[in-house]
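This is what each chain is made of:
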Amino acid sequence: MISQFFILSSKGDPLIYKDFRGDSGGRDVAELFYRKLTGLPGDESPVVMVTSGGHHDDRHFIHIRHSGLYLVATTSENISPFSLLELLSRLATLLGDYCGSLSEGTISRNVALVYELLDEVLDYGYVQTTSMEMLRNFIQTEAVVSKPFSLFDLSSVGLFGAETQQSKVAPSSAASRPILTSRSDQSQKNEVFLDVVERLSVLIASNGSLLKVDVQGEIRLKSFLPSGSEMRIGLTEEFCVGKSELRGYGPGIRVDEVSFHSSVLLEEFESHRILRLQPPQGELTVMRYQLSDDLPSPLPFRLFPSVQWDRGSGRLQVYLKLRCDLPPKSQALNVRLHLPLPRGVVSLSQELSGPEQKAELGEGALRWDLPRVQGGSQLSGLFQMDVPGLPGPPGQAPSTSAPLGLGPASLSFELPRHTCSGLQVRFLRLAFRPCGNANPHKWVRHLSHSDAYVIRI
Amino acid sequence: MPYLGSEDVVKELKKALCNPHVQADRLRYRNVIQRVIRMPKLDQWGQAEVLNFLLRYQPRSEEELFDILNLLDSFLKSSSPGVVMGATKLFLILAKKFPHVQTDVLVQVKGPLLAACSSESRELCFAALCHVRQILHSLPGHFSSHYKKFFCFYSEPHYIKLQKVEVLCELVNDENVQQVLEELRGYCTDVSADFAQAAIFAIGGIAKTYTDQCVQILTELLGLRQEHITTVVVQTFRDLVWLCPQCTEAVCQALPGCEENIQDSEGKQALIWLLGVHGERIPNAPYVLEDFVENVKSETFPAVKMELLTALLRLFLSRPAECQDMLGRLLHYCIEEEKDMAVRDRGLFYYRLLLAGIDEVKRILCSPKSDPSLGLLEDQAERPVNSWASDFNTLVPVYGKARWATISKYQRAERQGPELPNTASFATPGPLIPEESKETVQELPDSEALMLVPSCQLTAEYFEKTWFSLKVAHQQVFPWRGAVHPDTLQMALQVVNIQTIAMSRAGAHPWKAYLGAQDDTGCLFLTELLLEPESSEMQISVKQNEPRTETLNSFISVLETVLGTIGDIKS
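Residues numbered from 1 in each chain as written. Chains lettered and ligands numbered in written order. Predicted model: local features only at pLDDT ≥ 70, side-chain atom pairs only at ≥ 80, totals over all residues. Heavy atoms only, no water.

Undergrad: Provide a residue-level description of the overall build of chain B, including the pertinent values.
TA: Regarding its fold elements, chain B presents 29 helices and five strands. Looking at chain B as a whole, 50% of its 571 residues are labelled buried. Counted over contacts in chain B with a minimum sequence separation of 6, partners at least 24 positions apart contribute 65%. (Helix = DSSP H or I, 4+ residues; strand = E, 2+ residues; numbered from the N terminus. Buried < 20%, exposed > 50% of the residue type's maximum accessible area, 1.4 Å probe, protein only. Contact = heavy atoms within 4.5 Å.)

Put into structure tokens, the structure is as follows:
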């Protein structure tokens, strides 16, 4: 049960404030929250905080950070943190659905809508419903969008758009518009966006052996279709769940655990790997899956470091060779390598293999930016640094062992049109045909990105 | 009343949980519960709410209990973490008499918890990590094979990294110790000083079990000669030497040279303590202390000066020739020039002690240099699942037990003040417990947590009188090997508020002890421990002045835990 709910901007300005129970101090609670958050000692976690003293009797602040905003709930009961955090993220999704996207601008433009939504979702601090189905009957206010959306505004085409059967490309902002609420608008766009997103976390030991691979994947659906329209999502047929199942001829696409949204019907899943569902409007996570330790494809990147360290003069030379093991047609974007350095590094001289690359020192670490890496290519960088602060017995020959404080290197990147598990969406079929309108647009995209890609040196 | 999908659900729930007739009729009750649980319109919030309501019901028979558990099984596989955790808590509480069921549930919930730990939402991840730690307190090996899931990423926020380090420190075992230590070693050189120090303390924690590997890593870290690292390493060494005397030699070899890189009070105290206590094994100890004595005038922390006095006096006992002059100078400074009264008094005290003769000083200052049993006592604090089951899926694990205690103490004080406004009391849902089951619910806390009063002071005469007037309420034997260390036992019993009335000397045959305790309702527990010579069992007889079985059972389990702990230390 929630006493208050408020949204703060990243600078701490209150955007939305709602008191559900009237049992608390007042608006300055939001200010108090921000003061506490910024003045928190380092070893305490900000997720839950307690106020004590003053005229507020004790209450707990529980918050999430979502796209730069703080969504905060206060309560004076000892409630389940999991449910409350889930509720907050669900609220964030709902607000995103209704306002187009969640940001300071959209929230402040749609204050009336947000309050209306909060009124329906929570009553006297208790959750009533968060389902789009129910809410659409009650919400009357229209979202205010800053810029009218146009599919033909191709100036804002994203670097990697969605790939469809018609091989058209949708602008990257296509999915960030409000779910239409009024019936008059419904003739305009019937679109479905389906994303297969995987997060990859990898740990590679200094001798190159793989210590840990972990893939967290999910299939996300954002539907602008009228509710109740049925759709079928076909997954790769060789998709196996668990260690023992065997399908198809090849090694198959194997994941360890799968969980589905409760609205997904699984009659055809066993036989044909087809998910059937009637999605409500808005965003929905259809399926989540995990895969660890056993990856069917090679890892996207390999790093071959070599370190020369002259203890006497304090000269440190790091040669990094980065090999991209993606198929030649694929590419990785926004690749960034982060290498912590020993304390006291002063100068950096570099030799990079390409002109578009960039390397610099900052916050005790080396940052190497590679905007675009083609599959199968090899890139290298030679970095020379002076580390006068690291004393050691002088007069020793240059050693190849790394000094303490160097590494581990971590990579961050995005892999468009690639899933590490190999899972693909075969088809997306809609049973529903809206009268008087052409086929709805269906956009499907696959994307992997790094969660933590760590290579020890 | 929260909105639970539809009016029907609310009606069903009320029927199920308020009506004693429904509860009395097992089949009917089962049907109602089944219908409530299967309610198709129930969304995840409704499910979480239902699970919360079901906590209030106490099944009457074992069969009924397992019926309910079977019905609820599907909730454990829900995709919403809130529902899964709610179901877990319900299972843990309902099955409180069946430890194997509890363990099974915790195994089932491992997957969802680990998934939440690597969730994209940092906050959810944090809450899950806190609960993982809670589980690890009772089942230390539970997550050991998944240790890699708890490795930190550089992009994670600070509070998650700290939790992960704590988890790693707790799940370490023979198989993964190598990898975990290697990972932790990487964190020690992190850019954030706080995080680096937390990692070093974690290695120190692991060192209680895997001493050699950890001391080697810590020694290597000293080579970095960075202030924030050196000071924490030295503090870790001090704690370690006290608990694990076998590593003293290695620590003493690593210490020389550290003094150049320590500036803060805590680190200096630790170093000076080590130099004082183990000075005879460190060749340059007097010269390092001499530097401190030389600079004592500019020293800002009184605690460091106090430590210096004690350490120098100790070193003087083992190496008088090198220390005599310094000690004189230090005492002179402390008595004549020092402005801090505590330091001055300490100086005067040592001065007078020295006047009493060197033998007297030795008798007072040469205390034991280590206490291995202390570490074991700390480690043995493996808590049973039931001690935290009611806190599961609440804010308690998220705050941490200690912080929660201070918070709730404050809240209680506040609640006792002015009456709550009317709106609030209107809001609290009325008790849904039927009249007859109220009694059981109220007695629950008693049977779960026996509260022994710390300040209970029984006199020997009163004990004797009561002992002879009562009958033995419970008698059992407890496996025991070898002799008893009365001091250790007495100390351990004191921790759980059991008072020792009388005890035989160590090695006496037969060995006997009389113990007394009182709980918060005033019920007395009188106990006799008897160890016959040549016997491998300790006989325990307990008398009670009010015949109450539940409290008696929990008292006996407390006693058994203590005896078990002490027994383990010896063997």
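Undergrad: Tell me about the overall build of chain A, and please be specific about residues and values.
TA: Regarding its fold elements, chain A presents six helices and 26 strands. Here chain A holds 457 residues, and 52% of them are scored as buried. Residue pairs at least 24 apart in sequence account for 70% of intrachain contacts in chain A once pairs closer than 6 positions are excluded. Counting every atom, chain A has about 19,500 Å² of accessible surface; 50% of that belongs to carbon and sulfur. (Areas by Shrake-Rupley, 256 points an atom, 1.4 Å probe, with all protein chains shown as cover.)

Undergrad: A description of the nonpolar core should follow, citing residues and the corresponding values.
TA: One finds B:F150 and B:F237 to be the most contacted residues of the largest nonpolar core, which totals 161 residues. Among the elements that line this core, the one with the most residues is helix 2 (residues 81–99) of chain A, at eleven residues. Setting aside chain neighbours within four positions, we find B:F237 in contact with B:V215, B:L218, B:T219, B:L222, B:V251, B:A254, B:L255 and B:L274. With 67 residues, the next largest nonpolar core counts A:L221, A:L225, A:V345 and A:Y453 among its residues. (Core = buried A, V, L, I, M, F, W, Y, C linked by side-chain atoms within 4.5 Å.)

Undergrad: Requested: an account of the packing of helix 6 (residues 81–94) of chain B against helix 7 (residues 99–108) of chain B, with residues and values cited.
TA: Residues and elements named next belong to chain B. Running from N to C, helix 6 and helix 7 cross one another at 170 degrees; their axes reach a closest spacing of 9 Å. Regarding the angle of helix 6 to helix 7, the classification is roughly antiparallel. Relative to helix 7, helix 6 is oriented so that their crossing is left-handed. In contact with T88, F91 and L92 of helix 6, helix 7 contributes Q102, V105 and L106. Across the contact of helix 6 with helix 7, the residue classes break down as four nonpolar, two polar and no charged. (Axes fitted to C-alpha atoms, helices over the stretch in contact; angles between N-to-C directions. Parallel < 35°, antiparallel > 145°, perpendicular 65-115°, else oblique. Left-handed = near helix turned anticlockwise from the far one by under 90°. Nonpolar A, V, L, I, M, F, W, Y, C, P; charged D, E, K, R; others polar.)

Undergrad: Help me get a handle on the side chain of A:S201, residues and values and all.
TA: Summarising the element assignment, A:S201 is placed in strand 8 (residues 191–204). Those residues within four positions of A:S201 in sequence are excluded, and the remaining contacts are A:K212, A:V213, A:D214, A:D451, A:A452 and B:F153.

Undergrad: Requested: an account of the environment of A:E238, with residues and values cited.
TA: Residues and elements named next belong to chain A. Checked against the element boundaries, E238 lands in the loop between strand 10 (231–235) and strand 11 (239–241). Given a relative accessible area of 33%, E238 falls into the partly exposed group. For the pair formed by E238 and G422, sequence separation is 184 residues and the distance between their alpha carbons is 9.8 Å.

Undergrad: Give a detailed account of the interface of chain A and chain B, specifying residues and quantitative values.
TA: Between chain A and chain B, the contact holds 63 residues from the first and 58 residues from the second. Of the roughly 5,400 Å² buried between chain A and chain B, counting both surfaces, carbon and sulfur atoms make up 58%. Counting across the chain A and chain B interface gives 15 residue pairs in polar contact (both at pLDDT 80 or more). Elements supplying a minimum of two residues to the side of chain A that touches chain B: strand 3 (48–51), strand 4 (59–66), helix 2, strand 7 (126–127), strand 8, strand 9 (210–223), strand 13 (257–260) and strand 26 (441–455) of chain A. The biggest single contributor to the side of chain A that touches chain B is helix 2 of chain A, with seven residues. (Buried area = accessible area lost by both parts, 1.4 Å probe. Polar contact = N/O pair within 3.5 Å; in protein donor to acceptor, adjacent residues only side chain to side chain.)

Undergrad: Quick one: what's the story with the sheet that holds strand 23 (residues 378–386) of chain A, residue by residue and with numbers?
TA: Residues and elements named next belong to chain A. The four strands are arranged 17-18-23-20 in an open sheet whose pairing can be described as antiparallel. Among the strands making up the open sheet, the edge pair consists of strand 17 (301–310) and strand 20 (348–352). Neighbour to neighbour, the strand axes of the sheet diverge by 15 degrees on average, direction disregarded. Bridge count for strand 17 against strand 18 (residues 315–324) is ten bridges, and the pairing is antiparallel. Pairing of S306 across the sheet is with Y319, part of strand 18. (Pairing = 2+ DSSP bridges.)

Undergrad: Got a sec to walk through the packing of aromatic side chains? Specific residues and values, please.
TA: Tallied over the full model, the rule gives 28 aromatic pairs over all chains. Residues B:F143 and B:F150 carry aromatic rings whose centres are separated by 6.1 Å and whose planes lie at 90 degrees to one another, so their mutual orientation is edge-to-face. Both residues of the pair, B:F143 and B:F150, belong to the buried class. Ring centres 5.5 Å apart and planes at 45 degrees place the aromatic pair B:F349 and B:Y350 in the tilted group. Taken together, A:F6, A:Y17, A:F33, A:Y34, A:F61 and A:Y70 form an aromatic cluster joined through their ring pairs. In this structure, A:R429 packs its charged tip against the face of A:F427, placed 3.8 Å from the ring centre. Sitting over the face of the ring of B:F153, B:K164 holds its NZ or CZ atom 4.8 Å from the ring centroid. (Phe/Tyr/Trp six-rings, centres within 6.5 Å; stacked < 30°, edge-to-face > 60°. Lys NZ or Arg CZ within 6 Å of the ring centre and 35° of its normal.)

Undergrad: How would you summarise the side chain of B:S119 if you had to cite specific residues and measurements?
TA: Mapped onto the secondary structure, B:S119 falls in the loop between helix 8 (110–117) and helix 9 (122–138). Here B:S121 takes part through its backbone nitrogen, which lies 2.9 Å from a polar atom of the side chain of B:S119. Each residue touching B:S119, except ones within four places of it in the same chain, is listed here: A:R199, B:L124 and B:C125.

Undergrad: Would you mind going over the confidence of the model for chain B in detail, with residue names and values included?
TA: Considering every residue of chain B, the mean pLDDT works out to 80; 83% of them sit at 70 or more. Overall, residues 417–448 of chain B carries pLDDT values under 50, and its contacts beyond four positions in sequence, including any with other chains, amount to 29 contacts. (pLDDT = per-residue confidence, 0-100.)

Undergrad: Just give me the short version of the pattern of salt bridges, but keep the residues and values in it.
TA: Residue and element names in this part refer to chain A. According to the stated counting rule, one finds 36 salt bridges over all chains in the structure shown. Residue R336 pairs with D369 through a salt bridge whose shortest N-O separation is 2.8 Å. On the criterion of sequence distance, the pair formed by R336 in strand 19 (residues 331–340) and D369 in strand 22 (residues 365–374) is long-range, its members being 33 residues apart. Under the relative-accessibility criterion, R336 is labelled partly exposed at 33%. Look at D369 and you get buried, because its relative accessible area is 16%. (Salt bridge = Lys/Arg side-chain N within 4 Å of Asp/Glu carboxyl O.)

Undergrad: Lay out the environment of B:R281 in plain terms, naming residues and giving numbers.
TA: All names here are of chain B. Residue position: R281 is located in the loop between helix 16 (265–277) and helix 17 (285–294). In the structure, R281 is positioned 29 residues away from C252 in sequence and 6.6 Å away in space, judged by C-alpha atoms. Ignoring any residue separated from it by four or fewer positions in sequence, one finds R281 in contact with T248, E249 and C252. One polar contact links R281 to E249, side chain to side chain, over a distance of 3.2 Å.

Undergrad: Describe the sheet that holds strand 3 of chain A, naming the residues involved and giving the relevant values.
TA: Residues and elements named next belong to chain A. The five strands are arranged 2-1-5-4-3 in an open sheet whose pairing can be described as antiparallel. Only two strands of the sheet have a single neighbouring strand rather than two, namely strand 2 (14–19) and strand 3. Mean inter-strand twist for the sheet, computed between neighbouring axes without regard to direction, equals 20 degrees.

Undergrad: Please set out unusual backbone geometry residue by residue, giving values where relevant.
TA: Residue and element names in this part refer to chain A. A positive phi angle, near 55 degrees, is found at Y124, a position not held by glycine. You can see Y124 is positioned in the loop between strand 6 (122–123) and strand 7. A positive phi is found at R273, a non-glycine position, where the angle reads about 60 degrees.

Undergrad: Summarise the environment of B:S469; cite the residues concerned and give the values.
TA: Residue and element names in this part refer to chain B. Locating S469 in the fold gives a position in helix 27 (residues 460–469). Overall, the relative accessible area of 54% leaves S469 in the exposed class. With 74 residues separating them along the chain, S469 and K543 place their C-alpha atoms 9.8 Å apart.

Undergrad: Residues and numbers for helix 13 (residues 211–222) of chain B, please.
TA: All names here are of chain B. Given a rise of 1.5 Å per residue, twelve residues ought to cover 16 Å, and the 17 Å separating the end C-alpha atoms of helix 13 matches this to within 8%. All buried positions along helix 13 are accounted for by T211, C214, V215, I217, L218, L221 and L222. Down the axis of helix 13, the buried side of the element spans an arc of 160 degrees, and every buried residue falls inside it. Exposed positions of helix 13 whose direction lies more than 90 degrees from the buried face are D212 and Q216. Those residues of helix 13 that are buried are in contact with helix 11 (177–187), helix 12 (193–207), helix 14 (227–243) and helix 15 (248–254). (Expected span 1.5 Å × (residues − 1). Arc of directions from axis to C-beta.)

Undergrad: Pulling in residues and values, what's your account of helix 11 of chain B?
TA: Burial in helix 11 of chain B covers these residues: B:V177, B:V180, B:L181, B:E183, B:L184 and B:Y187. Along the long axis of helix 11 of chain B, the arc covered by the buried residues comes to 160 degrees, so they all point the same way. Elements in contact with the buried residues of helix 11 of chain B: strand 8 of chain A together with helix 10 (158–171), helix 12 and helix 13 of chain B.

Undergrad: Pulling in residues and values, what's your account of the confidence of the model for chain A?
TA: Residues and elements named next belong to chain A. Counting all residues, the mean pLDDT for chain A is 80, and 82% of those residues have values of 70 or more. Per-residue pLDDT stays below 50 along residues 152–168; that stretch engages in 29 contacts with residues further than four places along the chain or on separate chains. Below a pLDDT of 50 lies the segment residues 392–397, which in the model reaches six contacts outside its immediate sequence neighbourhood of four places, other chains included.

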